[in-house]
Amino acid sequence: DGFLPAAAALGLDVLLLTDQPDAHRRAYQGLSPAEIVGCDVRDHRAIIDELTRRPAPAAVFSNSDHLQTQTALAAAHAGRPAKDWRATLRAKNKALLRRHLTAHGIDVVWSRELRPGDAVADAPFPCVLKPREGVASENVVLVGNERELDLAARDIWRRDPDLPLVLEEFLAGQLHSLETIGDGHLPRVIGGFRTTLSDPPYFVERSTVYDPAPPPTHVRTVLAHLAALGVGFGACHTEYVVAGDRVRLIEVNYRIVGDQGDLLLADVTGLPLHEYVLRVHLGEPLPATLPVRRDRHARIDWPCADRAGRLVSAPPPSDTRADGVTQAYRPLRDTGTERPLTNTNRDYLGVLRTTGPDQTTVDNAAAAFLAEHHWDVQA
């Protein structure tokens, strides 16, 4: 719903490389890429091999959390604009990110990389245990002492024995994000979000409110972090917490905001955001001024399963507009589907995007929709 329509609007032919070609062919109905090719996209050598079999591409792009370094290397090999692969690696690898920022004396956070058998005697509990290169809050858990750490780590390694983990001091405070886009120079700020999480010990995003003008102190601090990491090309979604007057970095997602936050961001700002991102990768500079609308307010809510089981009933997709409020609801799980409870974003049942003239109106409309509709998961 974002980048494929943008590519079509720009008149681009899309070659999609994926390790799941059949799933992509099923998913794209009415807006298929020109060609879908199976490829081991986690290996930059396989991407380069596939690309060199064809005429040189105008751009090489991915919005996947997992594939930014591979994409950067393949784009550079093709002589196309690319992110610095060192920056993509720093952003993706949370242990490397902390070591790099510590080396530069920026926002030093206690952090240790863990593998089975490692002992941690100096952990400043409570701490957050998470995969070194994880996404979607998967296997992220708050631990209060050594016993809880041992149990949580054993549980994760039982399911994934080779998964490198990171243990970090818990950074308390309100969760925010800063949304930026850059063409290789200073990133431009599009806005941000204030996010509500599930109760500890997990960190599932339940709702988020668009912030058209994050405080300048937040912006300056986050941009300083991004500059130190070498991040400034294309879209970036940076998460941080605010405790008092201190801004603490949580993680850098070197791609556009996910879980349909990008669609809401494009709607509320009035920017052809996905086209801008693709144009940057085509080698075009951003406009001197981004005409961001400031007269709309917005939020996203994610109805979420609270148990394992089968989704028996849920509302259908809908688009409504009334009294200046626009709402778009999209299911994220088909009825009849049975799933375990993961305590991650994978438990989402749907996504509701609401925009309107002021935040109170938006919040009331979202609350009304969620109260009027029901999602029934039976164990």
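Everything discussed here concerns the structure shown above.
Residues numbered from 1 in each chain as written. Predicted model: local features only at pLDDT ≥ 70, side-chain atom pairs only at ≥ 80, totals over all residues. Heavy atoms only, no water.

Engineer: Any chance you could explain the overall build of the chain here in plain terms?
Structural biologist: A tally of regular secondary structure across the chain gives eleven helices and 18 strands. The C-alpha radius of gyration of the chain comes to 21 Å, within 12% of the 21 Å expected for a compact globule of 379 residues. Each principal axis of the C-alpha distribution contributes one length, and for the chain these read about 55 × 50 × 45 Å. Across the 379 residues of the chain, 50% fall into the buried class. Of the contacts formed within the chain by residues at least 6 apart in sequence, a portion of 62% connects residues at least 24 apart. Within the structure as shown, the chain displays about 18,000 Å² of accessible surface, and the carbon and sulfur contribution to it stands at 50%. (Helix = DSSP H or I, 4+ residues; strand = E, 2+ residues; numbered from the N terminus. Rg over C-alpha atoms; globule rule 2.2 N^0.38 Å. Buried < 20%, exposed > 50% of the residue type's maximum accessible area, 1.4 Å probe, protein only. Contact = heavy atoms within 4.5 Å. Areas by Shrake-Rupley, 256 points an atom, 1.4 Å probe, with all protein chains shown as cover.)

Engineer: How do you make sense of the environment of Leu282 when you look at a structure like this?
Structural biologist: With respect to the helices and strands, the residue Leu282 is situated in the loop between helix 10 (273–281) and strand 12 (297–301). Of the residues examined, Leu282 reaches a relative accessible area of 18% and is grouped as buried. Once the C-alpha coordinates of Leu282 and Asp267 are considered, the two residues, 15 residues apart in sequence, prove to be 23 Å apart. Those residues in contact with Leu282 that sit more than four places away from it in its chain are Leu10, Leu12, Ala58, Ala59, Arg80 and Pro81.

Engineer: What is the right way to look at the nonpolar core in this model?
Structural biologist: One broad trend across soluble globular proteins is that nonpolar side chains are buried collectively. If you look at the biggest cluster of nonpolar residues, it comprises 50 residues, and the most contacted ones within it are Ile181, Tyr210, Leu226, Val231, Val252, Tyr254 and Leu265. Broken down by element, the residue count for this core peaks at six residues, all from helix 8 (residues 216–229). Core analysis: the second largest hydrophobic core is formed by 16 residues, Trp110, Ala123, Cys127 and Trp157 among them. (Core = buried A, V, L, I, M, F, W, Y, C linked by side-chain atoms within 4.5 Å.)

Engineer: Teacher, can you tell me more about the sheet that holds strand 14 (residues 318–322) here?
Structural biologist: Strand pairing in a sheet relies on backbone hydrogen bonds, with the paired strands running either antiparallel or parallel. The sheet built from nine strands is open, its strands ordered 11-10-7-8-9-12-17-15-14 with antiparallel pairing. Looking at the sheet topology across the chains shown, the edges are occupied by strand 11 (246–253) and strand 14. Ignoring which end each strand starts from, the neighbouring axes of this sheet average 20° apart. Bridge count between strand 15 (residues 325–331) and strand 17 (residues 350–356): six bridges; the pairing is antiparallel. The residue bridging Thr326 from the neighbouring strand is Thr355, located in strand 17. (Pairing = 2+ DSSP bridges. Axes fitted to C-alpha atoms, helices over the stretch in contact; angles between N-to-C directions.)

Engineer: Help me understand the side chain of Arg299, please; the structure alone is not making it clear to me.
Structural biologist: For Arg299, the position within the fold is in strand 12. Residue Arg299 is classed as buried on the basis of its relative accessible area of 13%. Of note is the side chain of Arg299, whose polar atom sits 2.8 Å from the side chain of Asp301. (Polar contact = N/O pair within 3.5 Å; in protein donor to acceptor, adjacent residues only side chain to side chain.)

Engineer: What should I look at first to understand the packing of helix 3 (residues 44–51) against helix 4 (residues 68–77) in this one?
Structural biologist: Remark: helix 3 packs on helix 4, axes separated minimally by 9 Å, with the N-to-C direction vectors making an angle of 35°. Our pair here, helix 3 against helix 4, has a crossing hand that is right-handed. Two secondary-structure elements touch here, helix 3 through His44, Ile47, Ile48 and Leu51 and helix 4 through Gln70, Leu73, Ala74 and His77. For the contact of helix 3 with helix 4, the class distribution of residues is five nonpolar, three polar and no charged. (Left-handed = near helix turned anticlockwise from the far one by under 90°. Nonpolar A, V, L, I, M, F, W, Y, C, P; charged D, E, K, R; others polar.)

Fair warning: the whole summary comes from geometry, so function is off the table for now.
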